[in-house]
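Analysis of the macromolecular model
Given next are the chains, with one letter for each unit.
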Amino acid sequence: VAMRGKEQFGGMYTGIDTKYITSASRMVSEYTGMLVQPHKAIVGANAFAHESGIHQDGMLKDKSTYEIMTPESVGLLRDDDA
């Protein structure tokens, strides 16, 4: 995740712990009553879901091919069916 790299912010420490992104998003959703869209990047229910074909083949061989971050790095568990 780019936010973790100090070089992204000129050496400045942000203090962001990415494993809390999903729980923070859910909290905001609950407080505001606004649902998170299923295909919303990073926090949506389908953010780490993958379909069939070449894309799926690439994921089976090397997950980093299509994912710049892991579900675990943002507070989710990987569904091995994806």
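Here, every reference points to the structure presented above.
Residues numbered from 1 in each chain as written. Predicted model: local features only at pLDDT ≥ 70, side-chain atom pairs only at ≥ 80, totals over all residues. Heavy atoms only, no water.

We now examine the overall build of the protein. Each helix and strand counted, the protein has two helices and zero strands in total. A burial count over the protein gives 23% of its 82 residues as buried. Nonlocal contacts in the protein, meaning residues at least 24 apart in sequence, comprise 35% of its contacts between residues at least 6 apart. Summed over its atoms, the accessible surface of the protein is roughly 6,300 Å², and 57% of this surface lies on carbon and sulfur atoms. (Helix = DSSP H or I, 4+ residues; strand = E, 2+ residues; numbered from the N terminus. Buried < 20%, exposed > 50% of the residue type's maximum accessible area, 1.4 Å probe, protein only. Contact = heavy atoms within 4.5 Å. Areas by Shrake-Rupley, 256 points an atom, 1.4 Å probe, with all protein chains shown as cover.)

Turning our eyes to something else, we now look at unusual backbone geometry. For Ile 42, which is not glycine, the phi torsion reads 70° and is therefore positive. By the element assignment, Ile 42 lies in the loop between helix H1 (21-32) and helix H2 (54-61).

The grouping of Met 27, Val 28 and Tyr 31 at the surface amounts to a nonpolar patch, some 350 Å² of accessible area in total. Mapped onto the elements, Val 28 comes out in helix H1. (Patch = residues over 30% accessible without salt bridge, like charges linked within 9 Å, V, L, I, M, F, W, Y side chains within 5 Å. Salt bridge = Lys/Arg side-chain N within 4 Å of Asp/Glu carboxyl O.)

Now for the layout of surface pockets. Reported here for the largest pocket is a volume of approximately 230 Å³. Along the walls of the largest pocket sit 15 residues, with Gly 44, Ala 45, Phe 48, Leu 76 and Leu 77 positioned nearest its centre. Across the lining of the largest pocket, the residue classes break down as ten nonpolar, two polar and three charged. (1 Å grid on protein atoms, 1.4 Å probe; cavity = no way out; pocket = protein on both sides within 12 Å on 5 of 7 lines; lining within 4 Å. Points joined across faces, edges and corners; volume = space filled by probe spheres on them. Nonpolar A, V, L, I, M, F, W, Y, C, P; charged D, E, K, R; others polar.)

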